[in-house]
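# Breakdown of the fold
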Amino acid sequence: MSTASRFGLAATPCPRQRRSLRDSFSQSENGADPVSSLAQVRGPRPEVFDGTWSFDSSQDSASAVLNDGQAAFDAAVAMQEAAWPLRLRFSMVSAPPGGAAGQDDAIRDKALRVLNKADKRQRFHFELSGKSEAELALSGATARLHFTLIDEWTESRATAVRSYR
């Protein structure tokens, strides 16, 4: 089990996407600005967020700080559903308990750096201290299964999932 109590989660479009993440949220149904629309993406347990999702300086990636690592996949699923049909890649990193490296901006920057350095074909990259290779491999397999399903989504499936939620 990881000793970190806070985690960074970052998202960016997969290679060869025609839209940016900001563009995906610019075309929201309610006409809200992209930053407000992005901030509303929380998933089934919004209390796990320390703050909200926020765009990076390029406006093409977003990051969040979570206080519960077990909710990271749910947060990533919520982000992917909100951004669909844009396909996203994610990274999750553990944060130190305190000091300068434990500040929100440092955690967000670390998650974005890890995501930018990760294999572009990998849809979910983990950098978690205290996790075994077997745990990380199982998490990666689960993420690959989910993203395989996402790749075959249609507008009807997306509408059904959003209605169900």
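Structural notes, computed from the coordinates. (Residues numbered from 1 in each chain as written. Predicted model: local features only at pLDDT ≥ 70, side-chain atom pairs only at ≥ 80, totals over all residues. Heavy atoms only, no water.)

### Quick notes on the nonpolar core
For soluble globular proteins, the rule of thumb is that nonpolar side chains tend to be buried together. Applicable threshold: In this description, a nonpolar core means a group of buried Ala, Val, Leu, Ile, Met, Phe, Trp, Tyr and Cys residues linked to one another through side-chain atoms lying within 4.5 Å. Accessible area is worked out with a 1.4 Å probe on protein chains only. A residue is then buried under 20% of its type maximum, exposed over 50%, and partly exposed in between. Per the convention used, a helix needs a DSSP run of H or I reaching at least four residues, while a strand needs a run of E reaching at least two, with both numbered from the N terminus. Contacts between residues were defined by any pair of non-hydrogen atoms, one from each residue, lying within 4.5 Å.
Trp53 and Met79 are the most contacted members of the largest nonpolar core, which has 30 residues in total. For this core, the secondary-structure elements that each account for two or more residues are β1 (7–13), α1 (21–26), β3 (62–66), α3 (72–83), β4 (88–94), β5 (124–127) and α5 (133–151). If you tally residues by element for this core, the top one is α3, at 6 residues. Residues contacting Trp53, with those up to four places away along its chain left out, are Leu9, Ala11, Leu38, Ala39, Val41, Ala62, Ser63, Ala64, Ala75, Met79, Phe90 and Arg108. Counting 6 residues, the second largest nonpolar core, distinct from the first, contains Val93, Leu112, Val114 and Leu115.

### A word on the environment of Asp74
Within the secondary structure, Asp74 is located in helix α3. When the C-alpha positions of Asp74 and Pro44 are compared, they lie 7.1 Å apart, and in sequence the two are 30 residues distant.

### Observations regarding the sheet that holds strand β2 (residues 54–55)
Under the convention used in this document: If DSSP finds at least two bridges between two strands, the strands pair. Angles here are taken between N-to-C directions and fall from 0 to 180 degrees, while the axes themselves are lines fitted to C-alpha atoms, restricted in helices to the stretch in contact.
Strand order in the open sheet formed by 5 strands is β2-β3-β1-β4-β5, with mixed pairing between adjacent strands. Looking along the sheet, the strands with just one partner apiece sit at the ends: β2 and β5. Sheet contacts for α3: β1, β3, β4 and β5; angle to β4, the most-contacted strand, approximately 155°. Its contacts with the sheet put helix α4 (residues 104–117) on β1, β2, β3, β4 and β5, and the angle it makes with β4 is roughly 130°.

### Focus on the pattern of salt bridges
In plain terms, the rule: Each salt bridge in this description consists of a side-chain nitrogen of Lys or Arg and a carboxyl oxygen of Asp or Glu lying within 4 Å of one another.
On inspection of all chains with the given rule, the structure shows 4 salt bridges. A salt bridge links Arg6 to Asp50, with the nearest nitrogen and oxygen atoms 2.9 Å apart. One end of the pair, Arg6, is in the segment before β1; the other, Asp50, is in the loop between α2 (34–39) and β2, with 44 residues separating them in the sequence. For Arg6, a relative accessible area of 19% translates into the label buried. Between Arg6 and Asp104 there is a salt bridge; the shortest N-O distance is 2.1 Å. Of the two residues, Arg6 is situated in the segment before β1 and Asp104 in helix α4; the sequence distance between them amounts to 98 residues. Look at the salt bridges and you will find they share partners, linking Arg6, Asp50 and Asp104 into a network.

### Comments concerning α4
This is how the line gets drawn: Under the convention used throughout, the expected extent of a helix is 1.5 Å for every residue step, that is, one less than its residue count. This arc corresponds to the set of directions leading from the helix axis out to the C-beta atoms.
Spanning 14 residues, α4 covers 20 Å between terminal C-alpha atoms, matching the ideal 20 Å at 1.5 Å per step. Of all the positions in α4, only Ile107, Arg108, Ala111, Leu112, Val114 and Leu115 are classed as buried. Looking straight down α4, one finds its buried side chains confined to an arc of 160°; they lie on one side. Facing away from the buried side of α4 by over 90 degrees, the exposed positions are Asp105 and Lys117. Lining the buried residues of α4 we find β1, β2, β3, β4 and β5.

### Describing unusual backbone geometry
Cis geometry marks the peptide bond from Trp84 to Pro85, where omega comes out at 20°. Note that Pro85 resides in the loop between α3 and β4. Look at Arg16: it is not a glycine, yet its phi comes out positive at around 65°. Summarising the element assignment, Arg16 is placed in the loop between β1 and α1. One non-glycine residue, Gln59, lies in the positive phi region at around 70°. Accessibility expressed as a relative area gives 29% for Gln59, which makes it partly exposed.

In short, geometric facts, not functional conclusions.
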